[in-house]
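Residue-level listing of the chains:
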There are 2 protein chains.
Amino acid sequence: MGLHEDMVALAERAVAASRVLADLSARRKNAILLAWADALEARRDVLKQANSRDVEAAKAAGMAAALVDRLTLTDSRIAAMAKGLRDVAGLKDPVGRVLSRTVRPNGLEIRKVRVPIGVIAILYESRPNVTADAAGLCFKAGNAVILRGGKEALQSNQAIVETLRAGGKKKGLPEHAVQLVETTDREAVRELVQLEGKVDLAIPRGGESLIRAVVEQARVPVIKHYKGVCHTYVDATADLGMALRICENAKCQRPGVCNAMETLLVHREVAEKFLPMLALRLGRQLKVELRGDEAARALAPAMKAAIEDDWYAEYLDLILAVRVVPSVEAAIAHINKYGSNHSDSIVTQSPEAGKRFTREVNSAVVYVNASTRFTDGGEFGLGAEIGISTDKLHARGPMGLEELTTYKYIVRGNGQIRE
Amino acid sequence: MGLHEDMVALAERAVAASRVLADLSARRKNAILLAWADALEARRDVLKQANSRDVEAAKAAGMAAALVDRLTLTDSRIAAMAKGLRDVAGLKDPVGRVLSRTVRPNGLEIRKVRVPIGVIAILYESRPNVTADAAGLCFKAGNAVILRGGKEALQSNQAIVETLRAGGKKKGLPEHAVQLVETTDREAVRELVQLEGKVDLAIPRGGESLIRAVVEQARVPVIKHYKGVCHTYVDATADLGMALRICENAKCQRPGVCNAMETLLVHREVAEKFLPMLALRLGRQLKVELRGDEAARALAPAMKAAIEDDWYAEYLDLILAVRVVPSVEAAIAHINKYGSNHSDSIVTQSPEAGKRFTREVNSAVVYVNASTRFTDGGEFGLGAEIGISTDKLHARGPMGLEELTTYKYIVRGNGQIRE
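**Focus: the overall build of chain A**
In step 1: A tally of helices and strands in chain A yields 15 helices and 16 strands.
In step 2: Taken over C-alpha atoms, the radius of gyration comes to 24 Å for chain A, in line with the 22 Å a tight globule of 419 residues would show.
In step 3: With respect to the principal axes defined by its C-alpha atoms, chain A has extents near 70 × 70 × 35 Å.
In step 4: Looking at chain A as a whole, 54% of its 419 residues qualify as buried.
In step 5: Expressed as a percentage of contacts within chain A between residues at least 6 apart in sequence, the contacts between residues at least 24 apart total 72%.

Here you go:
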C-alpha cells in the first residue's frame, strides 16, 4: 500500500473507534485514564530504554543540547505524564451536557447537546510527553486521536502509545482510540490533513514553520497559534511599581514560552521615570537585552537600537523590544499591527483606558494590571490545555476539554411536519 | 494594481471598518438596518432597472429559466429583503454578552465575552437577495462583510450595495462595512480566502463545486455544507400513518432545498405494509420517482431499480431512493456512510431506538418523529440564518447571529504575577 492508502486506513480505524468512544461513560473513561497513568509508571524502564535510543541517535546527529533536553524522558517527566493523566481523570466530562433546550410553538423540543468532535490529529515536534498529554485530553473528550510526533522521538512515542493501549485494553479502551503515525515520511502530514470527512480537526503544535505548512496543506479545520508576540503597555496613569513587577514577571519568569512578553510599550508621559527603572531592574540586574526605539534610548541610553523587525519578533529569550508611544490609541494600533493576537496587557489606573484597551486590542486574551503569563489552561481553571488558539473560530485562547467537543441538535417531535 | 493587491486593499479597508463596527451600539446598528430597509424600498425602481440588465444579459447568454427566475428581482422580493433587514433589527444583539465569569484564587477576574468575528467573506451564486440578507446578519453581529456574488448578478448586487451604503451613511454606517467584489475574475475568490489575518472567515453558499473550490483554496477558516443528503428511517415500531405524513412532507413540501429527504430507509418488519402505502401516496398520487433496492422493489414493483450512486445522491427533485434495512444499526450505518451529516430523522415508538439513533447518527441535526424540513434558522427560533453548517467546528446546523461572533477573554487584576 502507498502512503495515501495507509493514512486513509489509519483514519478509518480512528473513525470506527470514535463511534465507540462517543458512547463511553465518564466512569469508564476515567478508569482507563487511571490505568494509563499506572501503566506509564509500571513501564518506566521500558520507556526510558526506548527514549535512550532516540536520545543517542539525536546526539549522534548533532542535535542541539536544548532540544536533546526536551527529547529526554526522565523519571520525573514520566511521573508528570502520569500525574497529568490522573488530573484529566478528575476533570468533569463535557460530553452529554445540554447547552440549550427550547420547545417551539409547534411542540418540537430542540436540544443542543455537547458531543465529541470525532477524530483529532495532533501534529507536534520532539517532546514525547505531548504524546500522553494529548492522548489523555482527546480521549477524555470522547475523541479518537491520531498522533504524529517528531521523527527524533519516534521510538519514545511508540513505547508510550503501546503502553497506553496495553494499559487501557483491560479496562475497555477501544482499539485504535489512540494511534501513532509510524512512518517518518513528511508527506504523511499532508495526507492526514486532507482527509476531509475522516479527520475532523488538526491541531499543530510547535514551531511556526510546522504550523504554516499544516495550514497551507489542510482541507480539514485547523486550530493553532503561530506565535506569541505578547505586549505590555504601561499607560500614563500606571502604578509604576506594579508595572515593573508585571514586566519582570512577563519577560523573565519563563522567557521561552508563548505567553511571555516580547515588546514593551510605554506612554511618553511616564517614560522618563519608568524606562530608567526598567533599564536598572531588567537590563542591569536581570540581564535582559533591551532594544529601544529612539525615544526610549534617549531616556535609557544603555539600550540597543530596535529595528522594524524587532516589533514582529518572538524572541523566546531574555530580549525585550521597547517603544515609547504617545497614547493608548497608539499602543492599541501597534499591538494590532505587529502582535500575534495572543495575549496583551495594559497597566493603568484609568478605567477608561482599560476599557478601551480590552475592547480594541484584537487578541485572544487581554489583561488589565496583570502579567500575560497567565494565559494557560491551568491558570484559567480549565484543568489542562491541549494548546492555545489565536484563531477566532471555535476556540480562542487556552483550549481545554470543552474546546475538544462540538454539539449536535437533537429534535424530538410527535409527527410534526413543516407547513 | 494587480488582483492580489486589489483584494488586499479591499480586505484592509474591511479590517479598518471592523474595528469601528465592533464598538457600535445595538441601537445604532438597528437604526442602520431599518434605514437599509427603507432605502431598498425607496430605490425599488433603480434596483429593478439594474437587475433587468443582468436578466437580459443572462437570457441572451442562454441561462436556464429556473436560474433566470432566481436572478430576477421583483417588487415582492425587494419587499422581502427589506422585511428581512427589519427582522434582523429586531433580533437580540449577541455582542458584549458575558459567556462566563470566574474569579481565580489569586483574585484575577476572567470574563469570556462575545465579540464580532471581524471580517467575513460571503461567496455565493446568482441570487441577488443574498446580498442584502448576508450583509444584514454580518452587520448586526458587528462584522465587516466582503460580498462576492455570481457574475450574472453583478449589476444587481452593485445597486443593492450602493443602496445600503447610501442608506446607512447618514445613520453612521462605517465606510467599507459592506463591500462588494466588483471584478468578475474567478481568481478573486482564491485571493480572498488566502488572506489570513485579514479575512477571518469565509462562508461559501451555493453548489458543491463552488464550495469544494473554496475549501481547497482557503487558508482562512471556512464554514459550509456541501450538500444535504437527508434520510428518514421508518423503524419497526413506527406509527406508519405518522411515517407517511413525515415522508410526504420531507420529500414533497419543497424538494429543491438542502433539508429535503433524499433517501428513505424502512425496517424490513414494516416494509411489507409501509412500502405499498408509500408507492400509492408518494409514487402514484404525488408523482415522486421511487428508486428502490431489490427488497423494496419486491414489495412495491412500480419502483425503478436504485444503483449505488443513488445512495449518495442529492436529487433536489421529486425523486426518492428507498432501501429496506434489517435493523436500526443498519440504518445508522447507512446514514453515516452515505449521508452528508446534515439532517436525519427516525420515526419510531421505541425510546431505545430513538436514543440510539440520535446518539450514533453523526449529523448536525437528528430528529425523532419529525420532518427533516425543520432544519432552518427560523424554525429553530434563531430568527434568521446565514446558512447551515455540516462542519463540526465553531458552528453546526443552522447558523444565526451568535455563530457570526466569537469571544475574547478579558482578565482584570491588581498587579497579579505568575509564581
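Past the structure itself, the notes keep going.
**Structural notes on the domain arrangement of chain A**
By a widely used convention, the size of an interface equals the accessible area lost when the partners come together.
In step 1: Annotation of chain A at the domain level lists domain 1 (3–224 + 395–412) and domain 2 (230–374).
In step 2: Centre-to-centre, using C-alpha coordinates, domain 1 of chain A lies 36 Å away from domain 2 of chain A.

**So, the relation of the copies chain A and chain B**
In step 1: Taken as rigid bodies, chain A and chain B are interconverted by a rotation of 180° and an axial shift of 0.0 Å, the fit giving an RMSD of 0.0 Å. Expressed as a symmetry operation, the mapping of one chain copy onto the other fits a two-fold axis. Minimal C-alpha distance to the rotation axis in chain A is attained by His 394 of chain A, lying at 1.9 Å.
In step 2: Comparing contact sets, 100% of the residues at the interface of chain A also lie at the interface in chain B, consistent with an isologous, same-surface contact.

**A few points about helix α6 (residues 129–140) of chain A**
Residues and elements named next belong to chain A.
In step 1: The end-to-end C-alpha distance of α6, which contains twelve residues, comes to 17 Å, matching closely the 16 Å that a straight helix rising 1.5 Å per residue would cover.
In step 2: α6 sits mainly inside the fold: eleven of its twelve residues count as buried.
In step 3: Considered for burial, the residues of α6 that qualify are Val 130, Thr 131, Ala 132, Asp 133, Ala 134, Ala 135, Gly 136, Leu 137, Cys 138, Phe 139 and Lys 140.
In step 4: Packed against the buried residues of α6 are α2 (26–42), α5 (75–90), β3 (119–123), β4 (144–148), α7 (154–169) and β5 (178–180).
In step 5: A positive backbone phi angle near 85° is found at Gly 142, which sits one or two residues after α6.

**With respect to the nonpolar core**
In step 1: Within the largest apolar cluster, 267 residues are counted, with the highest numbers of intra-cluster contacts made by Val 145, Ile 146 and Ala 202 of chain A together with Val 145, Ile 146 and Ala 202 of chain B.
In step 2: Setting aside residues up to four positions removed in sequence, Ile 146 of chain A forms contacts with Leu 10, Ala 11, Ala 14, Val 119, Ala 121, Gln 179, Val 181, Leu 192 and Val 199 of chain A.

**Here's the deal with the packing of helix α2 (residues 26–42) of chain B against helix α5 (residues 75–90) of chain B**
Residues and elements named next belong to chain B.
In step 1: Contact geometry for α2 and α5: axes closest at 8 Å, N-to-C directions at 170°. Classified by the interaxial angle, the pair formed by α2 and α5 is roughly antiparallel. Within the contact between the two elements, α2 uses Asn 30, Leu 33, Leu 34, Trp 36, Ala 37, Leu 40 and Glu 41 and α5 uses Ile 78, Met 81, Ala 82, Leu 85, Arg 86, Val 88 and Ala 89.
In step 2: Of the residues assigned to the contact of α2 with α5, the class counts are eleven nonpolar, one polar and two charged.

**Examining the environment of Ala 37 of chain B**
In step 1: Structurally, Ala 37 of chain B can be placed in helix α2.
In step 2: Measuring from C-alpha to C-alpha, the distance between Ala 37 of chain B and Gly 168 of chain B comes to 9.7 Å, with 131 residues separating the pair along the chain.

**Section: the sheet that holds β5 of chain A**
Residues and elements named next belong to chain A.
In step 1: Judged by pairing direction, the sheet is parallel, and its four strands sit side by side in the order β5-β4-β3-β6 without closing on themselves. A single partner strand is all that each edge strand has here, and the edge strands are β5 and β6 (201–204). Between one strand axis and the next, the sheet turns through 20° on average, direction left out of account.
In step 2: The pairing of β3 with β6 spans four bridges and is parallel. Bridge pairing links Ala 121 to Ala 202 in β6.
In step 3: Helix α1 (residues 3–21) contacts β3, β4 and β5 of the sheet and is inclined by roughly 145° relative to β4.
In step 4: Against the sheet, α6 engages β3, β4 and β5, with an angle of about 160° to β4.

**Re the pairing of β4 of chain A**
Residue and element names in this part refer to chain A.
In step 1: For β4, the tally of buried residues reaches five of five residues, placing the bulk of the element in the interior.
In step 2: Here β4 shows no split at all, with Ala 144, Ile 146 and Arg 148 on one side and Val 145 and Leu 147 on the other all buried.
In step 3: Direction of pairing for β3 relative to β4: parallel, over a ladder of five bridges. Of the residues in β4, the one forming a bridge with Ala 121 is Ile 146.
In step 4: Remark: the β3/α6/β4 crossover connection has right-handed handedness.
In step 5: Note that β4 and β5 share three bridges and pair parallel. Its bridge partner being in β5, Ile 146 is matched across the sheet by Gln 179.

Thresholds, definitions, all that
- Here, residues in each chain are numbered from 1, in the same order as that chain's written sequence.
- Each chain is given a letter, starting from A, and each ligand a number, starting from 1, according to the order in which they appear as written.
- Thresholds applied to this predicted model are a pLDDT of at least 70 for local features of residues and 80 or more for the giving and counting of side-chain atom pairs; totals over whole chains, interfaces and linings are not thresholded and use all residues.
- Put simply, DSSP H or I for four residues or longer makes a helix, DSSP E for two residues or longer makes a strand, and each gets a number counted from the N terminus.
- Computation of the radius of gyration draws on C-alpha atoms, with the globule rule given as 2.2 Å multiplied by the number of residues to the power 0.38.
- Counting other C-beta atoms within 10 Å of its own, a residue is labelled buried from 20 upward, exposed at 12 or fewer, and partly exposed in the gap between, with every C-beta atom placed from the backbone.
- By the criterion used throughout, residues are in contact when their C-beta atoms, derived from the backbone, lie within 7 Å.
- For the domain bounds, the source is a domain assignment made automatically or taken from a database.
- For the least-squares superposition of copies, only C-alpha atoms count, and only for residues with pLDDT at least 70 in both.
- A helix's residues, less one, multiplied by 1.5 Å, set its expected span.
- Only buried residues count toward a nonpolar core: Ala, Val, Leu, Ile, Met, Phe, Trp, Tyr and Cys, linked into one set through C-beta atoms within 7 Å.
- Note on geometry: axes are C-alpha line fits, over the in-contact stretch for helices, and angles between N-to-C directions span 0 to 180 degrees.
- Note on terminology: angles under 35 degrees are roughly parallel, angles over 145 are roughly antiparallel, angles of 65 to 115 are roughly perpendicular, and the others are oblique.
- Three classes are used: nonpolar for Ala, Val, Leu, Ile, Met, Phe, Trp, Tyr, Cys and Pro, charged for Asp, Glu, Lys and Arg, and polar for all others, with Gly counted as polar.
- DSSP-based pairing: two strands are paired if at least 2 bridges between them are found.
- Place the viewer so that the strands point away; then a crossover is right-handed whenever the path from the first strand over the helix to the second strand goes clockwise.

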